[in-house]
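Fold and geometry: a report
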Amino acid sequence: MSSISFQNLVKTYRDVTAVDGLTANIEAGRITGFLGPNGAGKSTALRCLLGLASATSGEALIEGKPYSHLDQPLKKVGAVLDSSGFNGALTAGQNLRVICAAAGISTDAIPRLLKLVELDHATRKRTRGYSLGMKQRLSLAAALLGDPDILVLDEPANGLDPIGIAWLRDFLRNLASEGKTVLVSSHQLAEMQHTIDDVIIINHGKLIAAGPIGEVTQGQTLEEAFMRLIGVAK
Ligand SMILES: Nc1ncnc2c1ncn2[C@@H]1O[C@H](COP(=O)(O)OP(=O)(O)OP(=O)(O)O)[C@@H](O)[C@H]1O
Ligand SMILES: [Mg+2]
């Protein structure tokens, strides 16, 4: 069974078809890049997967189940969708403790995770004073609280400086080497080329290409293949 599968997923908003019959499978223990131009439907598909938007038709499943049917969702799947959900009056550790309390999971991992995302120097600072990159790192720590097998990350490199982007690449590779499954959207194609095993490209809500990165790029760079596949002449 695939870790994540989209089965003929359709999501419409009034007159906009954000996701238009998407079928794709994400395999366990691999890093899959989820790529597409602005407005392609990536975030909408991920929101359907995480139960934050309801599908108009079709399904988005985690190990064969809708998110809402998972027994302990935070132990199965961790997500970074946007980093604006923290309580600015609380410190990083306090925010993470709130999430643990709500999900009924142990707080034991919090110090280790704050060190892992390199925020241990700022643990006493209220998160309203955090930079965008610091909030992204805190979101990654939050996603890992339940030690999930699957991570769903929507533009996690957003706001990270070049050092942070290189750090994120190693971070994701380490997660994959532990056997975790990572689905990550990004516009940073040069960076993704060195990070991902598999790629899914969508445009106008429809699947354009999917498979191991070498098969999809066919000797081109990921950026060249992306331009070719979505029909932008260079
Ligand atoms: N809540 C909403 N209400 C109405 N339209 C929406 C909503 N969310 C997304 N859309 C529309 O659905 C389409 C897909 O948007 P989505 O955010 O999924 O794209 P994306 O691939 O994540 O783009 P980006 O790369 O810019 O993040 C766009 O046309 C967008 O305007
Ligand atoms: Mg998006």
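On a predicted model such as this, the values are computed, not experimentally measured, just so you know.

Before going further, it helps to spend a moment on the sheet that holds strand β5 (residues 77-80). Strand order in this open sheet of six strands is β5-β6-β7-β3-β8-β9, and the pairing throughout is mixed. Of all strands in the sheet, those bounded by a partner on one side alone are β5 and β9 (206-212). Recorded for the sheet is a direction-independent mean angle of 15 degrees between the axes of neighbouring strands. Direction of pairing for strand β8 (residues 198-203) relative to β9: antiparallel, over a ladder of six bridges. Within the sheet, the bridge partner assigned to D198 lies in β9 and is P212. Those strands touched by helix α6 (residues 162-177) are β3 (31-35), β6 (150-154) and β7 (181-185), and its axis lies near 150 degrees from that of β7.

Buried residues dominate β6, accounting for five of its five residues. For β5 and β6, the ladder comprises four bridges, and the chain directions are parallel. What sits directly across from A79, in β6, is V152. Bridge count for β6 against β7 is five bridges, and the pairing is parallel. Across the sheet, residue D154 finds its bridge partner in β7, namely S185.

What follows concerns the nonpolar core. In terms of nonpolar packing, the biggest core is built from 62 residues, with L9, A45, L49, L138, A141, V152 and V182 touching the most fellow members. Counting residues per element, this core draws most heavily on helix α5 (residues 132-143), which supplies six residues. If we skip the residues at most four places from it in the chain, A141 touches L96, L113, L114, L116, V117 and L119.

The next point concerns the site of ligand 1. Near ligand 1 you find Y13, V16, A18, G36, N38, G39, A40, G41, K42, S43 and T44, and these make up its full shell. The set of elements that each furnish at least two residues to the shell around ligand 1 consists of β2 (16-26) and α1 (42-49). Here the element with the most residues in the shell around ligand 1 is α1; it accounts for three residues. The class makeup of the residues in the shell around ligand 1 is four nonpolar, six polar and one charged.

Rules behind the numbers
Residues numbered from 1 in each chain as written. Chains lettered and ligands numbered in written order. Predicted model: local features only at pLDDT ≥ 70, side-chain atom pairs only at ≥ 80, totals over all residues. Pairing = 2+ DSSP bridges. Helix = DSSP H or I, 4+ residues; strand = E, 2+ residues; numbered from the N terminus. Axes fitted to C-alpha atoms, helices over the stretch in contact; angles between N-to-C directions. Contact = placed C-beta atoms within 7 Å. Buried ≥ 20, exposed ≤ 12 C-beta atoms within 10 Å, placed from the backbone. Core = buried A, V, L, I, M, F, W, Y, C linked by C-beta atoms within 7 Å. Near = placed C-beta within 6 Å. Nonpolar A, V, L, I, M, F, W, Y, C, P; charged D, E, K, R; others polar.

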